[in-house]
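Fold and contact review
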Amino acid sequence: MKKDQPSAGRRSLLRAAAALGATATVGLLAVEGVGRSPRPSAAGTAQATGAAPAGAPSASAAAPSASASAAADGAAGPEAVPLAGSPVNATAYRLRPMTSYAPSAVRRVLPPVRSRPFLKLSGAGRAMVLTFDDGPDPRYTPGILKTLRKYDVPAMFFICGEMADAHRGLLREMADDGHVVGNHTWSHPLIPSLPPSRIRDEMGRTSEVVDRELGSAPLWYRAPFGAWNKHSFEIGAELGMEPLAWTVDTLDWTEPGTGTIVRRVREGAGPGVVVLSHDAGGDRSQSVAALRSYLPWLLDQGYRITVPRR
Ligand SMILES: [Zn+2]
């Protein structure tokens, strides 16, 4: 996808994603009980760093699209999957026959193949996750980073490989500031429209550029347009990543006005909520401005801004 593609084009792709059926629409998805944790937790949830004690509230947030309510109760969330402590052989993947990238050194405990993405955090207490997709973009990412730095909070950036490749300094800046860099494919395609080989290429190349630049490959990925399919779950797991969707969509890409973005975050705020915004893909000045408003508000409300734990 061209990063400056008009939002109309993006809308039509979104419609296309929706037309593919429920499985392509994150709003209808919930993580089922595929987690390996013996401890029951809310469905569609991931663990937060520094998680609050078990029993933290897991009420669904007031997502504008009624999405979170689709989460089934009683399913298990994933346990924190530790990185294996073995030494890293950063060039191991280069020895693999042609094709696909594998996470630098097959050093990870690979996650299970999910059938749905995570929608929120569990056991996070009054914590929320802020996520920014499609970047890095030198026009907007620095503004997002500046605000996050001002309040000293971590966030997640689901980057596109082609953007990261072109703006490596910003990629490093994200990591240097302690943010989590996730995989959002190379060129932002509609995944269900691609053959598995192309999906692997889109995701693998992106993990590779992050690995090369930051020294470790992403642990999380997010499908463009929230359009996941079986192959993307399989390939994501092969690459050592867990799928993370969101709870609250700010719809900032429609450029609804800074005030509207702020209102959506405030109204959707809740324990474990994952907020979706964008730092690239069009004019994101409203997203940058909105963060400056809702972030201090969230903190004033007692929310801790965190990132999920693996
Ligand atoms: Zn995106």
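Residues numbered from 1 in each chain as written. Predicted model: local features only at pLDDT ≥ 70, side-chain atom pairs only at ≥ 80, totals over all residues.

**Observations regarding the packing of helix 2 (residues 141-151) against helix 8 (residues 285-300)**
Closest axis-to-axis distance for the helix 2/helix 8 pair is 9 Å, and the angle between their directions is 20°. With respect to their mutual orientation, helix 2 and helix 8 come out roughly parallel. For the crossing formed where helix 2 meets helix 8, the hand is right-handed. Where helix 2 approaches helix 8, its residues Gly143, Ile144, Thr147 and Tyr151 are matched on the opposing element by Val288, Leu291, Arg292, Leu295, Pro296 and Leu299. (Axes fitted to C-alpha atoms, helices over the stretch in contact; angles between N-to-C directions. Helix = DSSP H or I, 4+ residues; strand = E, 2+ residues; numbered from the N terminus. Parallel < 35°, antiparallel > 145°, perpendicular 65-115°, else oblique. Left-handed = near helix turned anticlockwise from the far one by under 90°. Contact = placed C-beta atoms within 7 Å.)

**Considering the environment of Ala166**
Following the sequence through the fold, Ala166 ends up in helix 3 (residues 161-166). Residue classification places Ala166 among the partly exposed residues on the basis of 14 C-beta atoms within 10 Å. Taking the C-alpha atoms as reference points, Ala166 and Pro136, separated by 30 residues in sequence, lie 8.6 Å from one another. (Buried ≥ 20, exposed ≤ 12 C-beta atoms within 10 Å, placed from the backbone.)

**Here's the deal with the environment of Ser285**
Mapping Ser285 onto the fold places it in helix 8. For the pair Ser285 and Gly257, spaced 28 residues apart in sequence, the C-alpha to C-alpha distance is 9.6 Å.

**Focus: the nonpolar core**
One recurring pattern in soluble globular proteins: nonpolar side chains tend to sit buried together. Counting residues in hydrophobic clusters, the biggest one holds 67 residues, and the most contacted among them are Met128, Val129, Met156, Phe157, Ile159, Val274 and Val275. In terms of residues, this core owes the most to one element, helix 8, which gives six residues. The contacts of Phe157, once residues within four sequence positions are left out, are Phe132, Gly135, Met174, His179, Val181 and Gly182. (Core = buried A, V, L, I, M, F, W, Y, C linked by C-beta atoms within 7 Å.)

**Remarks on helix 5 (residues 196-214)**
Between its first and last C-alpha, helix 5 extends 26 Å over 19 residues, near the 27 Å set by a 1.5 Å rise per residue. The elements touched by buried residues of helix 5 are helix 3, strand 5 (180-183), strand 6 (220-221) and helix 6 (230-238). A positive phi of about 90° marks Gly215, the residue just after helix 5. (Expected span 1.5 Å × (residues − 1).)

**A short note on helix 7 (residues 258-268)**
Of all the positions in helix 7, only Ile261, Val262, Arg264, Val265 and Gly268 are classed as buried. Down the axis of helix 7, the smallest arc covering the buried residues is 160°, so these residues share one side. Where helix 7 is buried, its residues contact strand 8 (248-249), strand 9 (274-278) and helix 8. (Arc of directions from axis to C-beta.)

**Quick word on the pairing of strand 3 (residues 127-133)**
In terms of burial, strand 3 is a largely internal element, seven of the seven residues being buried. Alternating positions in strand 3 separate into two faces, Ala127, Val129, Thr131 and Asp133 on one and Met128, Leu130 and Phe132 on the other, with burial throughout. Two elements, strand 3 and strand 10 (residues 304-305), share two bridges in a ladder whose sense is parallel. Within strand 10, the position partnered with Met128 by the bridge is Ile305. Taken together, the five bridges between strand 3 and strand 9 define a ladder with parallel strand orientation. Bridge pairing in strand 9 links Leu130 to Val275. Looking at chain direction, strand 3 and strand 4 (residues 156-159) are connected through three bridges and run parallel. (Pairing = 2+ DSSP bridges.)

**Comments concerning the confidence of the model for the protein**
Averaged over all residues, the pLDDT of the protein equals 77, while 66% of them reach at least 70. Counted against residues more than four places away or in other chains, residues 14-43, with its pLDDT under 50, gives 81 contacts. (pLDDT = per-residue confidence, 0-100.)

**Some details on unusual backbone geometry**
For residues besides glycine, phi is generally negative; the peptide bonds are generally trans as well. Of the consecutive residues Gly135 and Pro136, the connecting peptide bond is found in the cis state with omega at 0°. Even without being a glycine, Phe225 presents a positive backbone phi close to 65°.

**Points about the environment of Val274**
Here Val274 shows up in strand 9. Linking Val274 and Val307, residues 33 residues apart in sequence, is a C-alpha distance of 9.3 Å. When near neighbours in sequence (up to four residues on either side) are disregarded, Val274 contacts Leu119, Lys120, Leu121, Val129, Thr131, Leu244, Trp246 and Thr247.

**Considering the pairing of strand 4**
A two-sided burial pattern is seen for strand 4, the buried positions comprising Met156 and Phe158 on one face and Phe157 and Ile159 on the other. Taking the sense of rotation as the criterion, the β-α-β connection linking strand 3, helix 2 and strand 4 turns out right-handed. The pairing of strand 4 with strand 5 spans four bridges and is classified as parallel. Within strand 5, the residue paired with Met156 across the bridge is Val180. (Right-handed = clockwise from strand over helix to strand, strands pointing away.)

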